Every structure is written in structure tokens, then in C-alpha cells.
Amino acid sequence: QDDPAPRYNARDVALVRGKKTNALVLLSSATPSLETYYNYLKNKIKYLSLSKRFGNAKHPEVHLVDMVSEQNETGRYDVTLSSLLQSKIEEKLEKNEQIILLQNRRGYSPIIRCFDCEKIASCPFCKVALSYHKDKNKLICHSCGYHSKAIKKCISCSSKSIKYLGTGTQKVESIIQESFPDAKYIRIDTDSSQSNKLLLDSLKSFANRKYDILIGTQMIAKGLDFPDATLVGIINADIGLTIPDFRSEERVFQLLYQASGRSGRSDKPGEVIIQTFLPDNSVIKYSSMLKIKKYYKLLLKERKALNYPPYSWITKVEFLGNNESYVSSVSIKTTKNLIGKYEGLNILGPAPCYYQKIRNKYRFQLVFKSLKNLDPNSKKLNKFIKRNFINNIFITSSNKCKINIYKDPISLI
């Protein structure tokens, strides 16, 4: 739980409670967190591996499609379904088998750009691009919910040279409707499934063979078992790779690995098609090979070189308020006046958050990394944070600038 307070990770709470009461804690996942895997390597937890699939199911055959080559061959730069994915969908439909298509971005077009002034339509309350939702004919902010009517000319310069770019689940749905008019399809994302009942009804309908094709975001990537689903198509495997967060690549790998596991879960052989513009990226390469241990070994080397978890404790301190310059000045002043620094403590920032403005609040952050070999129980870091932030009268008494403290945060964005 990141917001509101109390901020905690239920997995870590369970481990601490299990340790205090001498209880057994079972962590179950096809893609454990890197920290959990590291604890296994250090003999802190026992690893029970399921090396084979249930019954007669075999691991799916994975095809990697280089979308740059696909664009060059077709002469088109708006390709959503590669020729291989199209032919495989046709093949599975003829065999009366089911298809799952993953596009981890909702809406129709995630970017509306003016080709005269180069501006991108963005939310007035957040520094976030507005997404076009075709079913509502609206531009919607996925951070605060702000919405406006779809536009035909640029908001900034009134030019009509605007284009709706990118692909969301609604666009994939539209393309499937045009390309396979006889197929029955259903879309599952937070727009189409705004309650647990709607979500469960949709999943049951697909499981009962009322639909041939399931289109969705990460909501459909994990924990689902459809015996007749023999093809998983990942439309754009690169989404999320460029986010400046030390866990972004790990998340993408886990998503691709888990999504691939939805294919061929019974006697029928499964196939996976991963479309990417970055076929040589280690995340794409190892997820397409279903080599989780090899990828985690590589990722651990990168984390160690940069002193990120699991080799350090980490705390994020977020400054936020209505006045950008004031919030920035508080973050800078606080950083200059930090006391009690110690060996093994690394400080990053202050710097604007990745989403610098959310719901009319400007956000800056400090990140503290404390090396575990010099601070094995995080006591030094906890004492440092308490002294400089929790007990800091200037910060805690300010109404213009609020602070949030994230211990072992899931994300730095």
C-alpha cells in the first residue's frame, strides 16, 4: 500500500510476523521478486521448485517478432498486428482454439501530438499526456481522471496538424473487429471491468467459450487458466522498459513471463508471439527464452553495481505542494541541512519525480540507499530518517509543503 498511510508491503509484514511467531510463511509465484530470490540464494528461505507443468502440458513455443524489420518489410509504420501474429490468430480460429492478446495500455491512443508546435495534449492538473478513449470520444487523464472532449485542432497553437498516436486496448479491439469480423472477442481492462463482478463475469464468459479472443491489460496476464487458450500475443513488449525506476525492467520481465504462461495449459500445445522494437534487450531476450534464473543472475549484477536492493535498504522521501518553486526550495534546503550522515549512505536528489505534477501537486524526491553490509538491520537508516524528517520541526510544521516517507518503496516514480 503506497497511499494513503500506513505504507507497507504485505509480503514483508507476513515474513516479520512469521518470524516473530515461528510460523510457516509460504510465498508462491512463478516470478518471485528479486529480493525473494536473493534471500533464497543466501539460504534465508527454502526454495521449492515446480519444474514441470501440471498434467501433460508443455511449455509454449515462443516467437520473437522484430517490429522494426516488420515495418521495413511492409513499408508501414503503424503496424499493430505483425504478419506472423495475424496468421497465427487465423490458424487458431480455424482450429476452434482461443487467443489472448496483451496490450498493457488502456484507451485507444495514448498520445495526441501536434506536428506543427510539437506539443502533446496533457492534463492541466498533472504533467501527464491525455489518452484518447474512443468509446466515450474523450481525452482522459489516467492519473487524476480529468477528461475533455476529443479535439480536432491543437490546444496550444490551434493547428489542425494533430495526430492520435500509439495503441491501447481499444485500438487493438477495433483492429480485431476489422481483421476477424466473424470472431467473438471481449476486452478486459479497468475501463470495461469497473467492478469485481464485471471482471469475474467476463472471465467466466471466456472460460465457457463464449468468446474466441480475449484482449486486455496486465489484468489478464497472471493466475488465469484457460485450457483452450493456445496462443498468447503480446502486442508491444517494450511498454514500461524506459521508465526511470530501478524495478521497471524486473516488472516487464515478470509480466511477459507470466503472460506467456497463459498459453498451452492443457494437452493442446501453446504458442506465444512477443512483438518488440528492442529484440536484443536482455528483458525481451530472456523472457522469450523463459529463462528466469539467467535473467535474475544478470539483474543481480546490475543491482549490485548500482547499490540498489537487495544489496541496500532504500527509503524515498517525497516533498509535495501547490507551489513548485517553494517545494523545490524546501527539498534543496533540507538536503543541505541533513545531519548524521554515515559511511554506506548514498543520497540521490533532490530531483523532480517522474510524474512531477499530480492532481495539482508538484512533487520532488530524495532517495536514500544504505548498504546492507554496513547497515545489516537498517537501524542506521531508520535513525537517520527519524532524526532528519520525522523529528524535523520545520518540515513537519509546514502547511505549504507536505512530506511522505516510503520505506522500501515498490517504485521510485
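A short tour of the structure in this document, coming up. Quantities reported herein were computed from a predicted structural model and do not represent experimental measurements.

Scanning the protein chain for helices and strands turns up 12 helices and 15 strands. Relative to its length of 413 residues, the protein chain is compact, with a C-alpha radius of gyration of 24 Å against a globular reference of 22 Å. In terms of overall dimensions, the protein chain has C-alpha extents of about 70 × 60 × 40 Å along its principal axes. Looking at the 413 residues of the protein chain, the share that counts as buried comes to 46%. Restricting the contact set of the protein chain to residue pairs at least 6 apart, pairs at least 24 apart contribute 72%. On the protein chain, the mean spot of the 67 positive side-chain charges and the mean spot of the 38 negative ones are 11 Å from each other.

Bringing unusual backbone geometry into the picture now. Note the cis peptide between Ala 5 and Pro 6, where omega equals 5°. Take Pro 6: it is sitting in the segment before helix H1 (10-21). In this model, Gly 349 is joined to Pro 350 through a cis peptide bond whose omega is 10°. Of note, Pro 350 is situated in strand S13 (residues 345-358). In this model, Ser 158 sits at a positive phi of 65°, which is unusual for a non-glycine residue. By the secondary structure assignment, Ser 158 is in the loop between strand S6 (147-149) and strand S7 (162-165).

Of all hydrophobic cores here, the largest spans 36 residues; its most connected members are Ile 100, Leu 214, Phe 226, Ile 234 and Phe 253. Each residue touching Ile 100, except ones within four places of it in the same chain, is listed here: Phe 206, Leu 214, Ile 220, Phe 226, Ala 229, Leu 231, Val 232, Gly 233 and Arg 262. One finds Met 67, Val 79, Leu 85 and Leu 231 within the second-largest nonpolar core, a separate group that totals 18 residues.

Attention now goes to the packing of helix H7 (residues 248-260) against helix H9 (residues 292-306). Between two packed helices, the angle of one axis relative to the other and the distance separating the axes together describe the packing. Remark: H7 packs on H9, axes separated minimally by 12 Å, with the N-to-C direction vectors making an angle of 175°. Classified by the interaxial angle, the pair formed by H7 and H9 is roughly antiparallel. Of the residues in H9, those touching H7 at Glu 249, Glu 250, Phe 253, Gln 254 and Tyr 257 are Ile 292, Tyr 295, Tyr 296, Leu 299, Glu 302 and Arg 303.

Turning next to the pattern of salt bridges. On inspection of all chains with the given rule, the structure shows 19 salt bridges. Among the ionic pairs, Glu 91 bridges to Lys 95, the shortest N-O distance being 3.6 Å. A salt bridge links Arg 113 to Glu 118, with the shortest nitrogen-to-oxygen separation between them at 2.7 Å. Classification of Glu 118 as partly exposed rests on a relative accessible area of 47%. Each member of the salt-bridge network shares a partner with another, and the members are Lys 88, Glu 91, Lys 92, Lys 95, Glu 97 and Glu 271.

Aromatic ring pairs are defined here through the distance separating the ring centres and the angle between the ring planes. Taken as a whole and judged by the stated rule, the model has 19 aromatic pairs. Here Tyr 354 and Tyr 355 contribute two aromatic rings whose centre-to-centre distance is 4.8 Å and whose plane-to-plane angle is 70°, an arrangement assigned as edge-to-face. An aromatic cluster is built from Tyr 37, Tyr 40, Tyr 47, Phe 253, Tyr 257, Tyr 286, Tyr 295 and Tyr 296, whose rings are joined through pairwise contacts. Sitting over the face of the ring of Tyr 406, Arg 7 holds its NZ or CZ atom 4.8 Å from the ring centroid. Cation over ring: Lys 316 sits above Tyr 406, and NZ or CZ is 4.5 Å from the ring centre.

Looking now at empty space enclosed by the protein. The final tally for this structure, using the stated rule, is 1 cavity of 30 Å³ or more. In this structure, the largest cavity spans a volume of roughly 60 Å³. For the largest cavity, the full set of lining residues is Leu 102, Gln 103, Asn 104, Ile 234, Asn 236, Ala 237, Ile 239, Val 252, Leu 255 and Leu 256. Take the lining of the largest cavity: its biggest share by element is 3 residues, from H7. Classifying every residue of the lining of the largest cavity by side-chain character gives 7 nonpolar, 3 polar and no charged.

Attention shifts here to the packing of helix H2 (residues 34-41) against H9. Packing of H2 against H9 leaves a shortest axis separation of 11 Å and a crossing angle of 95°. Considering their axes alone, H2 and H9 lie roughly perpendicular with respect to each other. Contacts between H2 and H9 involve Leu 34, Tyr 37, Tyr 38 and Leu 41 from the first element and Lys 293, Tyr 296, Leu 299, Leu 300 and Arg 303 from the second. Grouping the constituent residues of the contact of H2 with H9 by class yields 7 nonpolar, no polar and 2 charged.

Once that is clear, we can look at the sheet that holds strand S1 (residues 61-66). If you trace the 6 strands from one edge of the open sheet to the other, you get S1-S11-S10-S2-S9-S8, paired in parallel fashion. A strand with exactly one partner marks an edge of an open sheet, and here the two such strands are S1 and strand S8 (185-188). With direction set aside, neighbouring strand axes in the sheet form an average angle of 15°. In terms of strand pairing, strand S10 (residues 229-234) meets strand S11 (residues 271-276) through 4 bridges, oriented parallel. The residue of S11 that forms the bridge with Leu 231 is Glu 271. Contacts from helix H3 (residues 67-74) reach S1 and S11 within the one sheet, and its direction differs from that of S1 by about 55°. Here helix H4 (residues 83-94) sits on the sheet in contact with S1, strand S2 (98-102), strand S9 (213-216), S10 and S11, set at roughly 155° to S11.

Summarising burial for strand S14 (residues 361-371): 10 of the 11 residues are buried, a large majority. Sheet topology places strand S12 (residues 312-321) next to S14; 10 bridges connect them, and they run antiparallel. Looking at S14, one finds that Gly 321 is bridged to Tyr 362. Pairing analysis gives 8 bridges linking S13 to S14, with the strands arranged antiparallel. Bridge pairing in S14 links Asn 346 to Lys 369.

Conventions used here
Residues numbered from 1 in each chain as written. Predicted model: local features only at pLDDT ≥ 70, side-chain atom pairs only at ≥ 80, totals over all residues. Heavy atoms only, no water. Helix = DSSP H or I, 4+ residues; strand = E, 2+ residues; numbered from the N terminus. Rg over C-alpha atoms; globule rule 2.2 N^0.38 Å. Buried < 20%, exposed > 50% of the residue type's maximum accessible area, 1.4 Å probe, protein only. Contact = heavy atoms within 4.5 Å. Lys, Arg positive; Asp, Glu negative; His and termini not counted. Charge placed at Lys NZ, Arg CZ, Asp CG, Glu CD. Core = buried A, V, L, I, M, F, W, Y, C linked by side-chain atoms within 4.5 Å. Axes fitted to C-alpha atoms, helices over the stretch in contact; angles between N-to-C directions. Parallel < 35°, antiparallel > 145°, perpendicular 65-115°, else oblique. Salt bridge = Lys/Arg side-chain N within 4 Å of Asp/Glu carboxyl O. Phe/Tyr/Trp six-rings, centres within 6.5 Å; stacked < 30°, edge-to-face > 60°. Lys NZ or Arg CZ within 6 Å of the ring centre and 35° of its normal. 1 Å grid on protein atoms, 1.4 Å probe; cavity = no way out; pocket = protein on both sides within 12 Å on 5 of 7 lines; lining within 4 Å. Points joined across faces, edges and corners; volume = space filled by probe spheres on them. Nonpolar A, V, L, I, M, F, W, Y, C, P; charged D, E, K, R; others polar. Pairing = 2+ DSSP bridges.

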